[in-house]
Amino acid sequence: DAKRVGKGVVRLFDESMDEGVRVRRGIEGGLKQAIDRGELSLEFQPIVSRDRIEVVGFEALVRWNTSDFGPISPSTFIPIAEESNLIHELGDWVLANALTELAAWPGQYVSVNFSPRQFRRTNFVGHITQAVLAAGIEPSQLQIEITETAIFDDSDRAAETLYKLRQMGFRIALDDFGTGYSSLYNIRKFALDSLKIDRSFIDGMGRERESAAIVHSIIHLGRALGLEIIAEGVETEAQVQALRIAGASHLQGFYFSHPVPADVARDMAVARFATDDREEEPATGTH
Ligand code: C2E
Ligand code: MG
Ligand code: MG
Ligand code: MG
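Residues numbered from 1 in each chain as written. Chains lettered and ligands numbered in written order. Predicted model: local features only at pLDDT ≥ 70, side-chain atom pairs only at ≥ 80, totals over all residues. Heavy atoms only, no water.

The protein appears in an unreviewed UniProt entry as Diguanylate cyclase (GGDEF)-like protein from Sphingomonas aerophila.

We now examine the packing of aromatic side chains. Throughout the structure, instances matching the rule amount to 7 aromatic pairs. Look at W64 and F77: their rings are 5.4 Å apart centre to centre, the planes differ by 90°, and that puts the pair in the edge-to-face class. Of this pair, W64 sits in strand β2 (residues 55–66) while F77 sits in helix α4 (residues 74–82), and the two are 13 residues apart along the sequence. A relative accessible area of 3% means that W64 is categorised as buried. Between F114 and F124, the aromatic rings sit 5.4 Å apart at their centres with planes inclined by 85°, giving edge-to-face as the arrangement. One end of the pair, F114, is in the loop between β4 (109–113) and α6 (116–119); the other, F124, is in helix α7 (residues 124–135), with 10 residues separating them in the sequence. Looking at F114, the relative accessible area reads 5%, which means it is buried. Ring pairs connect the aromatic residues F44, F58 and W105, which therefore count as one cluster. Between R171 and the ring centre of Y109, over which it is positioned, the NZ or CZ distance is 4.3 Å. Over the aromatic face of Y185 sits the side chain of R188, whose NZ or CZ is 3.9 Å from the ring centroid. (Phe/Tyr/Trp six-rings, centres within 6.5 Å; stacked < 30°, edge-to-face > 60°. Helix = DSSP H or I, 4+ residues; strand = E, 2+ residues; numbered from the N terminus. Buried < 20%, exposed > 50% of the residue type's maximum accessible area, 1.4 Å probe, protein only. Lys NZ or Arg CZ within 6 Å of the ring centre and 35° of its normal.)

The subject of this paragraph is helix α9 (residues 155–168). Relative to the 20 Å expected for 14 residues at 1.5 Å per residue, α9 spans 20 Å between its end C-alpha atoms, a close match to the ideal helical length. When α9 is considered as a whole, its buried residues turn out to be S155, A158, A159, T161, L162 and L165. End-on view of α9: buried residues confined to an arc of 165°, all on one side of the axis. Along α9, the residues that are exposed and aim more than 90 degrees away from the buried face are D156 and Q167. Structurally, α9 contributes buried residues whose contacts are with α6, α7, β5 (142–147), α8 (148–152) and β6 (171–177). At the exit of α9 stands G169, carrying a positive phi of roughly 105°. (Expected span 1.5 Å × (residues − 1). Arc of directions from axis to C-beta. Contact = heavy atoms within 4.5 Å.)

Throughout the structure, instances matching the rule amount to 15 salt bridges. For R24, the salt bridge identified is with E83, shortest N-O distance 2.9 Å. Of this pair, R24 sits in helix α3 (residues 19–34) while E83 sits in the loop between α4 and α5 (86–102), placing them 59 residues apart in sequence. By relative accessible area, R24 is classed as partly exposed at 34%. Among the charged side chains, a network of salt bridges with common partners joins E59, E145, K196 and E232. (Salt bridge = Lys/Arg side-chain N within 4 Å of Asp/Glu carboxyl O.)

Residues in close proximity to ligand 1 total 22 residues, the closest being R63, N113, D175, E235 and F254. The backbone of V62 places a nitrogen or oxygen atom 3.2 Å from a nitrogen atom of ligand 1. Here an oxygen atom of ligand 1 and a side-chain polar atom of D175 are 2.9 Å apart. Taken together, the elements giving at least two residues each to the shell around ligand 1 come down to β2, α4 and β6. (Near = heavy atom within 4 Å. Polar contact = N/O pair within 3.5 Å; in protein donor to acceptor, adjacent residues only side chain to side chain.)

So, about the packing of α3 against α4. Running from N to C, α3 and α4 cross one another at 80°; their axes reach a closest spacing of 10 Å. It follows that α3 is roughly perpendicular to α4 by the angle criterion. The residues of α4 that touch α3, namely those facing R24, I27, E28 and L31, are T76, F77, I80 and A81. Looking at the contact of α3 with α4, its residues break down into 5 nonpolar, 1 polar and 2 charged. (Axes fitted to C-alpha atoms, helices over the stretch in contact; angles between N-to-C directions. Parallel < 35°, antiparallel > 145°, perpendicular 65-115°, else oblique. Nonpolar A, V, L, I, M, F, W, Y, C, P; charged D, E, K, R; others polar.)

The next thing to look at is unusual backbone geometry. Non-glycine residue N123 carries a positive phi angle of around 55°. Of note, N123 is situated in the loop between α6 and α7. You will see that D176, though not glycine, has its phi angle at about 55°, which is positive. Within the secondary structure layout, D176 lies in strand β6. Note on D176: relative accessible area 27%, which makes it partly exposed.

It is worth spelling out the coordination of the magnesium ion (ligand 2) at this point. In the first shell of the magnesium ion (ligand 2), the protein supplies E59 (OE), N113 (OD1), E145 (OE) and D175 (OD), at 2.1 to 2.2 Å from the metal. A separation of 3.8 Å is found between the magnesium ion (ligand 2) and the magnesium ion (ligand 3), both of which receive a donor from D175. Of this pair, N113 sits in strand β4 while D175 sits in strand β6, placing them 62 residues apart in sequence. Using a relative accessible area of 7% as the deciding quantity, one classes D175 as buried. (Donors = N, O, S within 2.8 Å, 3.2 Å for Na, K, Ca; no water.)

Spelled out as structure tokens, the structure:
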């Protein structure tokens, strides 16, 4: 085996390793030190109400700027963190920092992503409650974003966790809705406040009848179930108009603002994006 034949062979073996595996190892190693090195930060993207185009909350999105390779996308490193316990340390950092920033925009909530492994953590409810108490904020100021995968593997236990979170007063959003296996029928047993329609459907709306039909039916049925509907990835005026007509209650996307640092988000928290008749240009967050 590799150990017996000596160092040279082991190195050769490493070099012939699948590139993906090497990248993964590298990311894992770097991520372990990222917090201590101060390489992580958060950006915030506003979620606006359909009716008055007001900012109701901000989604916190983690950023990792590595000293060696520059920024690495969360779509790359979150799945790697998710495969180990690193996700817990990273998630705790995100939550604590998101809650700290929240103090700067009273009246809005902060929406934090939790991966399936975080959600299934022993005593998740106690953990979140502790963090909120430590930050001195109301549970209703935290929206917990989870995905379909987090709740369907062990759905009885997930339903119980969501119920408890809801009892405590947290807001719960089902993220990337429509991309997994869930239907509006089988989410009915979960205590949810909102559905976030995945941006792939919003993106397809103007081009394919199918996407538009899916968006319409999610909005229609979701609202009938008493859920808020947040449309993700809104990029164009045409999408804004179509979604408002379709009845989405909230919108989020580059059209309103890219994710921005906390101090920029702070200014946005008090600003209106546009008037109802849309005679003004929307704020871009770059002011
Ligand atoms: P997500 O939770 O669905 O977040 C939305 C993603 O869409 C973000 O990408 C955001 O920057 C991007 N986005 C927002 N509006 C638009 C738009 O109009 N057009 C386009 N093309 N994209 C838009 P980001 O920040 O790269 O994050 C990717 C994913 O990484 C997130 O998807 C989430 O699943 C995960 N993630 C990010 N931060 C965290 C975190 O703190 N914890 C965990 N567990 N996951 C995170
Ligand atoms: Mg999200
Ligand atoms: Mg999403
Ligand atoms: Mg997504």
